[in-house]
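Spelled out, the chains give:
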Amino acid sequence: METAKMFKSTGCARRDYVLSHLRMEKRGIEIAPYFNPVTDKSIHDVFYVDCIDNDEIQRKAGENPGGIGKTVPLVDSVWVPGERLLSCVNNQLFEYAIASHVFEHVPNPIGWLLEILDCLEIGATLALLIPNREHSMDYYRRVTSFGELVGWHVEKPRIPTPGQIMDFLSDSFEDTGVVDYNKKMVPFVEAKRHYSDTQAFNYAEWTANENKYLDVHCTVWTPASFVEVFERVAKLGLLPVQVTGPFVGFPGSIAGEFLVYMRKCESKP
């Protein structure tokens, strides 16, 4: 694991640190910025994309307590489910990409990453900000394995699978924001949960029968497990990337998140 290097911040420390590793003088893309974009359109030449349109984004943000008082930027294009991202951005190529707390919601991470890489120039870099299982509602869940990740790449689910939904709803707990993860955690059976096992099963069965999307954390990571798994994925030749990081505790970072970069290579690194 790499220790985040300190640097002089010119504003938002988190933003400055994440962007300091990217070619910000060039045009980039941010995936699902919602009401917490890493980039700033007034400063950066950046293209915003999300899987829902601006009307739906504004509606969701208005119902989210975390969005109160925040400006929700408009997206430039919709990544229409089932369509290639490259076609949704009019075949543009970018010098960097950013996704903050988006990756864990993706049911087929390798396929998702490949679509983003298709929109990047050779040598361009993707920055991913991801919650750390050890400091989140996923604390009691097991980390995602190499085999699971490759299996989803083969199966290509477009929405969270019943297994992913069951795992998240039945094994996550309600983090009220006051949990001290540095202290010994109570056993899972004593933790406050959002959903019972019965409710989790009902949701999993519902999405299978109705083919409906349910937003969950499809994958679970620690900084070390992410790098270990994706270095194996790259070695297998499924992703033409070189992984840098993880970075933890960097300036301005949100509690419990880590940062990794993936540089697009011409071929298997």
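Residues numbered from 1 in each chain as written. Predicted model: local features only at pLDDT ≥ 70, side-chain atom pairs only at ≥ 80, totals over all residues. Heavy atoms only, no water.

S.K.: Please set out the overall build of the protein chain residue by residue, giving values where relevant.
M.R.: Each helix and strand counted, the protein chain has eight helices and eight strands in total. Here the C-alpha radius of gyration of the protein chain, 18 Å, is about what a compact globule of 269 residues would show, namely 18 Å. Here the C-alpha coordinates of the protein chain stretch approximately 50 × 45 × 40 Å along the principal axes. The buried share of the protein chain, reckoned over its 269 residues, is 46%. Sequence-distant contacts in the protein chain: of pairs separated by 6 or more residues, those separated by 24 or more amount to 73%. When the accessible surface of the protein chain is summed, it comes to about 13600 Å², and 51% of that surface belongs to carbon and sulfur atoms. Of the charged side chains in the protein chain, 27 are positive and 36 negative; the average position of the first set lies 4 Å away from that of the second. (Helix = DSSP H or I, 4+ residues; strand = E, 2+ residues; numbered from the N terminus. Rg over C-alpha atoms; globule rule 2.2 N^0.38 Å. Buried < 20%, exposed > 50% of the residue type's maximum accessible area, 1.4 Å probe, protein only. Contact = heavy atoms within 4.5 Å. Areas by Shrake-Rupley, 256 points an atom, 1.4 Å probe, with all protein chains shown as cover. Lys, Arg positive; Asp, Glu negative; His and termini not counted. Charge placed at Lys NZ, Arg CZ, Asp CG, Glu CD.)

S.K.: Describe unusual backbone geometry, naming the residues involved and giving the relevant values.
M.R.: Residues G245 and P246 are joined by a peptide bond in cis, for which omega reads 10°. Along the chain, P246 turns up in strand β7 (residues 241-248). The phi angle at N90 is positive, at roughly 60°, despite the residue not being glycine. If you trace the backbone, N90 turns up in the loop between α3 (85-88) and β5 (94-100). Its identity is not glycine, yet N91 carries a phi of approximately 60°, on the positive side. In this fold, N91 is placed in the loop between α3 and β5. Since its relative accessible area comes to 56%, N91 is described here as exposed.

S.K.: With reference to specific residues and values, describe the side chain of E257.
M.R.: Its place among the elements puts E257 in strand β8 (residues 257-264). Among the polar contacts made by the side chain of E257, one reaches the side chain of R14 at a distance of 2.8 Å. Apart from the residues within four sequence positions on either side, E257 is in contact with R14, H101, L129, I130, P131, N132 and F250. (Polar contact = N/O pair within 3.5 Å; in protein donor to acceptor, adjacent residues only side chain to side chain.)

S.K.: Can you tell me about helix α6 (residues 162-171), naming the residues and giving the values?
M.R.: Each turn of an α-helix holds 3.6 residues, which means side chains three or four residues apart point in the same direction. Those residues of α6 not exposed but buried are Q164, I165, F168, L169 and S170. Residues of α6 that are buried make contact with α5 (146-155) and α7 (197-210).

S.K.: Outline a nonpolar patch on the surface, supporting the account with residue identities and numerical values.
M.R.: A surface patch of nonpolar side chains, about 270 Å² in accessible area, is lined by Y195, Y203 and W206. Considering the arrangement of structural elements, one finds Y203 in helix α7. (Patch = residues over 30% accessible without salt bridge, like charges linked within 9 Å, V, L, I, M, F, W, Y side chains within 5 Å. Salt bridge = Lys/Arg side-chain N within 4 Å of Asp/Glu carboxyl O.)

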